[in-house]
Amino acid sequence: MPKHFSKLLTIAAAMAAFAVAAPFAQATTPAPGYSQFAGCQDPATENSIISSCIHSVVKSGHFQMGNKDVPITNPITLSGGTDELLKNFSYNSKGGLVPAKQTVPGGIIGLTGLDWLINFLNVEQLKLYAVTELAGTPEFAGINKITLPIKVHLINPVLGNSCYVGTSKSPIALHLITGTTAPPPPNEPITGKAPEDNFDFETEILHLDNGTYVDNSFAAPGANGCVLNLGLIPVNIDGIINIASGLPSPAGTNETTQTIDTEIVSTENVYP
């Protein structure tokens, strides 16, 4: 059995959820057969302390906060590496969290409650997208738990470029687990599922497929930085969005479920 197998098993499920983006360095080309790990730093050339490379994909699920429930229909990919203690997640210029737009049901009118916008915007301009961004450093506790601070970027042509729910100072703190949650009311417990593990002895890649990570105990702050710009003076509409979308929403009223595939391998394989 490869010498890194036990270590990979230890970090596998923990890294199946998102990790934080650290400042990146110049990318090095991985060995043939390991191109999916291109975002992982080469410790030999980048003076990195990482020992394992990770490629993680959220395939499906949903993210509900306030009265908005957004299905995850476009895969969300994270790539990078970590040290032996699950610390110091970092990535190079080809890694990190790839932005993936998720369509928000109801569009800009559903977000704001401003029905009259239909008279000023075309079909494409009425659409609204949400992009999850990292907003801090994750903390790991065991192999099936991760605390992940995020912020959600709301994207629409008339909202400006800085419309968010959550900030780096006030993030949405997800406590993703594969077990059963214990949320405050009115939410009831929900249960995830540990990923199916398979070790490829030829490539020495550990595959963890179809893991279900859940959390329905987190709180969501109000919107910030949102403006309505129809060609006149931009008007801040944070309050309008908060009223229409049920934000801020306390713990016990929000939920996320994420189905994740993860690949993990030693840096020695990626950069021999």
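Trainee: Would you mind going over the pairing of strand β8 (residues 145-155) in detail, with residue names and values included?
Mentor: In terms of burial, β8 is largely enclosed, as nine of its 11 residues are buried. The sheet contact formed by strand β6 (residues 129-134) and β8 spans six bridges and is antiparallel. Its bridge partner lying in β8, leucine 134 is registered against isoleucine 150. Across six bridges, the pairing between β8 and strand β10 (residues 172-177) is antiparallel. Bridged to proline 149 within β10 is alanine 173.

Trainee: A description of the state of the cysteines should follow, citing residues and the corresponding values.
Mentor: If you walk through the whole model with that rule in mind, you get two disulfides. Paired through a disulfide, cysteine 40 and cysteine 53 show a sulfur-sulfur distance of 2.1 Å. The disulfide joining cysteine 40 to cysteine 53 has a torsion of about -70° about its S-S bond and is therefore left-handed. With a gap of 13 residues between them, cysteine 40 in the loop between α1 (5-15) and α2 (43-46) and cysteine 53 in strand β1 (residues 52-65) connect regions that are remote in the sequence. We note that cysteine 40, like cysteine 53, is buried. Between the sulfur of cysteine 163 and that of cysteine 226 lies a disulfide, 1.9 Å long from S to S. Residues cysteine 163 and cysteine 226 are joined by a disulfide whose S-S torsion is about 80°; by sign, that bridge is right-handed. Taken as a pair, cysteine 163 in the loop between β8 and β9 (164-165) and cysteine 226 in the loop between β13 (223-224) and β14 (227-228) lie far apart in primary sequence, 63 residues in all. The buried category is assigned to cysteine 163, whose relative accessible area is 0%.

Trainee: Could you give an account of a nonpolar patch on the surface, naming the residues involved and the relevant values?
Mentor: Among the surface-exposed residues, Trp116, Phe120 and Leu230 lie close enough to one another that they form a single nonpolar patch of about 320 Å² accessible area. Its location among the elements puts tryptophan 116 in the loop between α3 (107-112) and β6.

Trainee: If you had to explain the nonpolar core to someone new, which residues and values would you point to?
Mentor: Counting residues in each nonpolar core, the largest one holds 44 residues, and the members touching the most others are Ile108, Leu154, Leu159 and Ile172. Broken down by secondary-structure element, the contributors of at least two residues to this core are β1, β3 (76-82), α3, β6, β8 and β10. No other element matches the five residues that β8 contributes to this core. Beyond its immediate chain neighbours, meaning those up to four positions away, isoleucine 108 contacts Leu117, Leu121, Gln125, Leu126, Lys127, Leu128, Asn156, Val158 and Leu159. Ranked by size, the runner-up nonpolar core spans 10 residues in total, among them Ala31, Tyr34, Ile205 and Tyr271.

Trainee: Explain the environment of glutamine 36 to me, and be specific about the residues and the numbers.
Mentor: Note that glutamine 36 resides in the loop between α1 and α2. In the structure, glutamine 36 is positioned 43 residues away from serine 79 in sequence and 8.0 Å away in space, judged by C-alpha atoms. Non-local contacts of glutamine 36, meaning those with residues more than four positions away in its chain, are made with His55, Ser79, Ile205 and Glu263. Of the polar contacts made by the side chain of glutamine 36, one reaches the side chain of glutamate 263; its length is 3.2 Å.

Trainee: Tell me about the environment of cysteine 53, residues and numbers included.
Mentor: For cysteine 53, a relative accessible area of 0% gives the class buried. Distance in space between the C-alpha atoms of cysteine 53 and asparagine 269 is 9.3 Å, their sequence separation being 216 residues.

Trainee: Quick one: what's the story with the environment of lysine 87, residue by residue and with numbers?
Mentor: Its place among the elements puts lysine 87 in the loop between β3 and β4 (96-97). Residues lysine 87 and isoleucine 49, spaced 38 residues apart in sequence, show a C-alpha to C-alpha distance of 9.8 Å.

Trainee: Any details on the packing of aromatic side chains? Residues and values, ideally.
Mentor: Within the structure shown, the criterion is met by four aromatic pairs. Their ring planes at 20° and their centres at 5.5 Å tell us that phenylalanine 63 and phenylalanine 218 sit as a pair that is stacked. Placement of the pair is phenylalanine 63 in strand β1 and phenylalanine 218 in the loop between β12 (205-215) and β13, with a sequence separation of 155 residues. When its relative accessible area of 2% is taken as the criterion, phenylalanine 218 is described as buried. A ring pair is formed by tryptophan 116 and phenylalanine 120, whose centres lie 5.8 Å apart and whose planes are at 85°; its orientation type is edge-to-face. One residue, lysine 101, lies across the ring of tyrosine 129, its end atom 5.0 Å from the ring centre. Just above the ring of tyrosine 164 sits the side chain of lysine 151; from NZ or CZ to the centre is 5.2 Å.

Trainee: I'd love a proper account of the pattern of salt bridges, names of residues and values included.
Mentor: Applying the stated criterion to the full structure yields three salt bridges. One salt bridge connects aspartate 261 with lysine 59, and the closest N-O pair in it is separated by 3.3 Å. Pair noted here: aspartate 261 is in strand β16 (residues 255-266) and lysine 59 is in strand β1, with a separation of 202 residues, a long-range link. We classify aspartate 261 as partly exposed; its relative accessible area is 21%. For lysine 127, the salt bridge is made with glutamate 124, and the minimal N-O distance between the two is 3.3 Å. Taking relative accessible area as the criterion, lysine 127 reaches 36% and is therefore assigned partly exposed.

About the thresholds
Residues numbered from 1 in each chain as written. Predicted model: local features only at pLDDT ≥ 70, side-chain atom pairs only at ≥ 80, totals over all residues. Heavy atoms only, no water. Buried < 20%, exposed > 50% of the residue type's maximum accessible area, 1.4 Å probe, protein only. Helix = DSSP H or I, 4+ residues; strand = E, 2+ residues; numbered from the N terminus. Pairing = 2+ DSSP bridges. Disulfide = S-S within 2.5 Å. Patch = residues over 30% accessible without salt bridge, like charges linked within 9 Å, V, L, I, M, F, W, Y side chains within 5 Å. Areas by Shrake-Rupley, 256 points an atom, 1.4 Å probe, with all protein chains shown as cover. Salt bridge = Lys/Arg side-chain N within 4 Å of Asp/Glu carboxyl O. Core = buried A, V, L, I, M, F, W, Y, C linked by side-chain atoms within 4.5 Å. Contact = heavy atoms within 4.5 Å. Polar contact = N/O pair within 3.5 Å; in protein donor to acceptor, adjacent residues only side chain to side chain. Phe/Tyr/Trp six-rings, centres within 6.5 Å; stacked < 30°, edge-to-face > 60°. Lys NZ or Arg CZ within 6 Å of the ring centre and 35° of its normal.

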